[in-house]
Amino acid sequence: MTIHIAGEKVILRDLTLDDVLDLYYWKYEADDREHLKWNGPYYKLPELTKEEFIAGFQKALEITATDQPRQILIIETDNKLIGTVNWYWEDEVTNWLSNGIVIFDSNYWSGGYGTEAFKLWTDYIFEHMDVVRVGISTWSGNIRMMKLARKIGMIEEGRIRKARIVDGEYYDSIKMGILREEWQQLHLLLLK
């Protein structure tokens, strides 16, 4: 089954090999790489060849058109890749995962594209996976990400003070999340 989730502004869809090449461009070659200053800037971007980068997406490409839940989807608008959404396990034993989003093209920041994509993605996760909670990990300098998480119902659950260094300054590590029952309650309120 191919994934194609349409919102008003964006489409979330399956990853293709051409998309992986676009992702490489945005991470390593684009003039506009402002996203690297916000999306985990405390991690060093690994130096990868295109072949190594593509190999890292092999599993994601293999499950396209299957019934398996996707771990990454493309955010598209006007037939253009503008970002991705993804998730990773925090603790698979307790069904706890963290999701994430990155809008590569800064022309699409603060226009509601990320909010819609992140809501569609979080809904997809709860609808297609047996998870108890979905959360995010970010840093206190990323105000937009914390605001986005709140918009979809996440609350701040943890703050590790001065745990991240960005541009030589200390920032807090932030954990936010939403439980399945909280997500379900929000959906019931929207149906009324």
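Look up: the structure comes first, before these words.
A. Inspection of the pattern of salt bridges at higher detail. Summed over all chains, the structure comprises 10 salt bridges. Here aspartate 105 and lysine 80 are joined by a salt bridge, their closest N and O atoms 2.6 Å apart. Taken together, the positions of aspartate 105 in the loop between β5 (96-103) and α4 (113-128) and lysine 80 in strand β4 (residues 80-91) put the pair 25 residues apart, joining distant regions of the chain. Put simply, arginine 159 and aspartate 172 hold a salt bridge, and the shortest N to O gap is 2.8 Å. Here the residue arginine 159 occupies a position in strand β7 (residues 155-166), and aspartate 172 occupies one in strand β8 (residues 169-179), the gap between them amounting to 13 residues. Residue class for aspartate 172 comes out buried when judged on its relative accessible area of 15%.

B. Spotlight on the packing of aromatic side chains. Overall, the coordinates contain 13 aromatic pairs when judged by the stated rule. Between phenylalanine 53 and phenylalanine 57, the aromatic rings sit 5.1 Å apart at their centres with planes inclined by 55 degrees, giving tilted as the arrangement. Between the aromatic rings of tyrosine 108 and tyrosine 113, the centroid separation amounts to 5.1 Å while the plane-to-plane angle is 85 degrees, which identifies the pairing as edge-to-face. Neither tyrosine 108 nor tyrosine 113 differs from the other in exposure class; each is buried.

C. Inspection of the packing of α4 against helix α5 (residues 143-151) at higher detail. Direction vectors running N to C along α4 and α5 enclose 50 degrees, while the axes themselves pass 10 Å from each other. With respect to their mutual orientation, α4 and α5 come out oblique. The two elements α4 and α5 meet at a crossing, and its hand is right-handed. Contacts between α4 and α5 involve Gly114, Thr115 and Phe118 from the former and Met145, Leu148 and Lys151 from the latter. Partitioned by chemical class, the residues of the contact of α4 with α5 number 3 nonpolar, 2 polar and 1 charged.

D. Fine view of the environment of serine 140. The residue serine 140 is located in the loop between β6 (133-139) and α5 in this model. Separated by 23 residues in sequence, serine 140 and alanine 163 have C-alpha atoms that sit 9.8 Å apart. Those residues in contact with serine 140, other than ones at most four positions away along the chain, are Met146, Arg159, Tyr171, Asp172 and Ile174.

E. Highlighting the sheet that holds β7. Spatially, β1-β2-β3-β4-β5-β6-β8-β7 is the arrangement adopted by the 8 strands of the open sheet, whose pairing is mixed. Each of the sheet's edge strands pairs with one partner strand only, and the pair in question is β1 (4-6) and β7. Strand-to-strand twist of the sheet, defined as the mean angle between neighbouring strand axes without regard to direction, takes the value 25 degrees. Note that β7 and β8 share 8 bridges and pair antiparallel. In the sheet register, arginine 159 faces β8, and the bridge partner there is isoleucine 174. Where α4 meets the sheet, its contacts fall on β1, β2 (11-13), β3 (72-77), β4, β5, β6 and β8, and the angle it forms with β5 comes to roughly 155 degrees.

F. Region of the structure containing unusual backbone geometry. Positive phi, normally seen in glycine, also occurs at aspartate 78, with a value near 50 degrees. Relative to the elements of secondary structure, aspartate 78 occurs in the loop between β3 and β4. Overall, aspartate 78 belongs to the exposed group, its relative accessible area being 66%. The backbone of lysine 162 shows a phi angle near 45 degrees, a positive value even though the residue is not glycine. Here lysine 162 is to be found in strand β7.

The rules behind each value
Residues numbered from 1 in each chain as written. Predicted model: local features only at pLDDT ≥ 70, side-chain atom pairs only at ≥ 80, totals over all residues. Heavy atoms only, no water. Salt bridge = Lys/Arg side-chain N within 4 Å of Asp/Glu carboxyl O. Helix = DSSP H or I, 4+ residues; strand = E, 2+ residues; numbered from the N terminus. Buried < 20%, exposed > 50% of the residue type's maximum accessible area, 1.4 Å probe, protein only. Phe/Tyr/Trp six-rings, centres within 6.5 Å; stacked < 30°, edge-to-face > 60°. Axes fitted to C-alpha atoms, helices over the stretch in contact; angles between N-to-C directions. Parallel < 35°, antiparallel > 145°, perpendicular 65-115°, else oblique. Left-handed = near helix turned anticlockwise from the far one by under 90°. Contact = heavy atoms within 4.5 Å. Nonpolar A, V, L, I, M, F, W, Y, C, P; charged D, E, K, R; others polar. Pairing = 2+ DSSP bridges.

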